[in-house]
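The residues making up each chain are set out below.
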Amino acid sequence: MSSVAELRAPGPRGTPPLLARLVDDAALFPPGNAPMADALRNHLQARTESWSGVVGLFLCNASRLPELITELIKIKPVKPVGLSLVIDTGLSAVPKAISIVESRTELLALRMVEMPAPSEVDDVWLERVSEFVPEDVIRVIEPRRPSQNTEAGTSSEWLDSVRRVAEHGSWPKLRCGGQTPEAFPSVDEVADFLTVASTTGVPFKATAGLHNALRHRDEETGFNHHGFLNLLVATARTLSGKDAREALTSDDPEALAAEAKALPEAAAHAVRGVFASYGSCSLTEPVEDLEGLGLL
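Being a predicted model, the structure only gives us computed values, none of them experimental. (Residues numbered from 1 in each chain as written. Predicted model: local features only at pLDDT ≥ 70, side-chain atom pairs only at ≥ 80, totals over all residues. Heavy atoms only, no water.)

**Some words on the packing of aromatic side chains**
Moving on, step 1. Under the defined criterion, the tally for this structure stands at five aromatic pairs.
Moving on, step 2. Between Trp158 and Phe193 the ring centres are 5.9 Å apart and the planes differ by 25°, which places this aromatic pair in the stacked class. Remark: Phe193 occurs in helix α7 (residues 187-197) and Trp158 occurs in helix α6 (residues 155-167); sequence separation between them is 35 residues.
Moving on, step 3. Phe193 sits in the buried class, given a relative accessible area of 0%.
Moving on, step 4. Here the aromatic rings of Phe204 and Phe275 are separated by 5.2 Å at their centres, their planes lie at 5°, and the arrangement is stacked. Of this pair, Phe204 sits in strand β7 (residues 204-207) while Phe275 sits in strand β10 (residues 275-280), placing them 71 residues apart in sequence.
Moving on, step 5. You can call Phe275 buried: its relative accessible area is 0%.
Moving on, step 6. Chaining the aromatic ring pairs together yields one cluster made of Trp158, Phe193, Phe204 and Phe275. (Phe/Tyr/Trp six-rings, centres within 6.5 Å; stacked < 30°, edge-to-face > 60°. Helix = DSSP H or I, 4+ residues; strand = E, 2+ residues; numbered from the N terminus. Buried < 20%, exposed > 50% of the residue type's maximum accessible area, 1.4 Å probe, protein only.)

**Quick notes on the pattern of salt bridges**
Moving on, step 1. What the rule picks out here adds up to 13 salt bridges.
Moving on, step 2. Between Arg104 and Glu106 there is a salt bridge, with the nearest N and O atoms lying 2.9 Å from each other.
Moving on, step 3. Classification of Glu106 by relative accessible area gives partly exposed; the value is 42%.
Moving on, step 4. It is possible to trace a salt-bridge network through shared partners that takes in Asp24, Glu114, Lys173 and Lys205. (Salt bridge = Lys/Arg side-chain N within 4 Å of Asp/Glu carboxyl O.)

**Thoughts on the sheet that holds β10**
Moving on, step 1. If you trace the eight strands once around the closed barrel, you get β1-β2-β3-β4-β5-β6-β7-β10, paired in parallel fashion. On average, adjacent strands in this sheet sit at an angle of 30° to one another, irrespective of strand direction.
Moving on, step 2. As paired strands, strand β3 (residues 81-86) and strand β4 (residues 108-116) are joined by six bridges and run parallel to one another. Paired with Val81 across the bridge in β4 is Leu108.
Moving on, step 3. Relative to strand β6 (residues 171-175), α7 is tilted by about 170°, and along the sheet it contacts β6 and β7. (Pairing = 2+ DSSP bridges. Axes fitted to C-alpha atoms, helices over the stretch in contact; angles between N-to-C directions. Contact = heavy atoms within 4.5 Å.)

**Looking at the nonpolar core**
Grouped burial of nonpolar side chains is what soluble globular proteins tend to show.
Moving on, step 1. Ranked by internal contacts, the top residues of the largest apolar core, which has 48 residues, are Phe204, Leu229 and Leu231.
Moving on, step 2. If we ignore the near neighbours within four places in the chain, the residues touching Leu231 are Cys176, Val190, Leu194, Phe204, Ala206, Leu210, Leu248 and Phe275.
Moving on, step 3. Ranked by size, the runner-up nonpolar core spans 40 residues in total, among them Leu28, Val81, Leu85 and Val133. (Core = buried A, V, L, I, M, F, W, Y, C linked by side-chain atoms within 4.5 Å.)

**Quick look at helix α5 (residues 123-132)**
Moving on, step 1. All of the buried residues along α5 are Trp125, Leu126 and Val129. Buried residues in α5, looked at end-on, bunch into an arc of 100°, giving them a common side. Among the exposed residues of α5, those pointing more than 90 degrees away from its buried face are Val124 and Glu131.
Moving on, step 2. You can read the cap of α5 off the contacts: a side-chain oxygen lies 3.3 Å from the backbone nitrogen of Val124, and it is on Asp122. (Arc of directions from axis to C-beta. Polar contact = N/O pair within 3.5 Å; in protein donor to acceptor, adjacent residues only side chain to side chain.)

**Concerning the packing of helix α2 (residues 36-46) against helix α3 (residues 65-75)**
Moving on, step 1. Their axes nearest at 10 Å, the elements α2 and α3 cross at an angle of 55°. On the basis of their axis angle, the class for α2 and α3 is oblique. The chirality of how α2 crosses α3 is right-handed. Residues Met36, Ala37, Leu40, Arg41 and Leu44 of α2 form the contact with α3, whose own contacting residues are Glu67, Leu68, Glu71, Leu72 and Ile75.
Moving on, step 2. Taken together, the residues of the contact of α2 with α3 sort by class into seven nonpolar, no polar and three charged. (Parallel < 35°, antiparallel > 145°, perpendicular 65-115°, else oblique. Left-handed = near helix turned anticlockwise from the far one by under 90°. Nonpolar A, V, L, I, M, F, W, Y, C, P; charged D, E, K, R; others polar.)

**A closer look at unusual backbone geometry**
Moving on, step 1. With an omega of 0°, the peptide bond between Pro30 and Pro31 qualifies as cis.
Moving on, step 2. Within the secondary structure layout, Pro31 lies in the loop between β1 (23-25) and α2.
Moving on, step 3. Positive phi, close to 50°, is recorded for Asn33, a residue that is not glycine.
Moving on, step 4. In this structure, Asn33 sits in the loop between β1 and α2.
Moving on, step 5. The phi angle at Ala208 is positive, at roughly 65°, despite the residue not being glycine.
Moving on, step 6. Residue classification places Ala208 among the buried positions, given a relative accessible area of 16%.

**Points about the state of the cysteines**
Moving on, step 1. Scanning the model with the defined rule gives zero disulfides in all.
Moving on, step 2. Of the cysteine sulfurs around Cys60, a residue in no disulfide, the closest is that of Cys281, at 15 Å.
Moving on, step 3. The class for Cys60 is buried, based on a relative accessible area of 0%. (Disulfide = S-S within 2.5 Å.)

Okay, structure coming up:
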């Protein structure tokens, strides 16, 4: 089965289509920063839980591949771990990193490669990405928003880059948070991204800041976090021509949960055909939120 087909396959019986394989495991990344051994054992344990249908891929930086393989040799997983390889070593290092993964197919199954885009996302760079990454592996590229980098241009140029990434068959990535205020896109920026992403014909992936289902303010940092349920409902509204901004700003759990539950199965599949997945440094927090809202 191809990577795309596998990620879009239904989860175990009882997993709603809106939530199947939604949450990729980013336990290694901030603010979780889990040790490799703990992250892997928790991931494999999550695969045996009643809510395992929500769990997607395991994320690991290319620079940590040797550590990942060493721990997997110790653990001896029953089947290969589905991997999203996050490139932190530059585009030129992609072939070697992929070769390392593909030499250990008893331990790892490469499903996705993620990487940041340069300040200017041109066709030459995108073609090199396509050449380096096998056709059956999903490519996810993160164009830089202007507020993330002063060299990234205007919001219009950012959205043009999102379109260009999609035109080359890669999934655009939307960063929804991080360790600084600049890492959090505004509601308008997310809504504009959804407007573009809903028309490209390829899904997008979200990352960072989406630990919880609902939009909320972190009392420790003061940052306003987007919620992944807000984003799911906003995607549904975008596809139906309704107001996505209202869904993105809502902090009403009952209303959002009711709207998500009311989506017909075909509409849920359409939403996930646009918003494919997101990375979370915790798997239990999203699940607890979903169970509390009666969605899982």
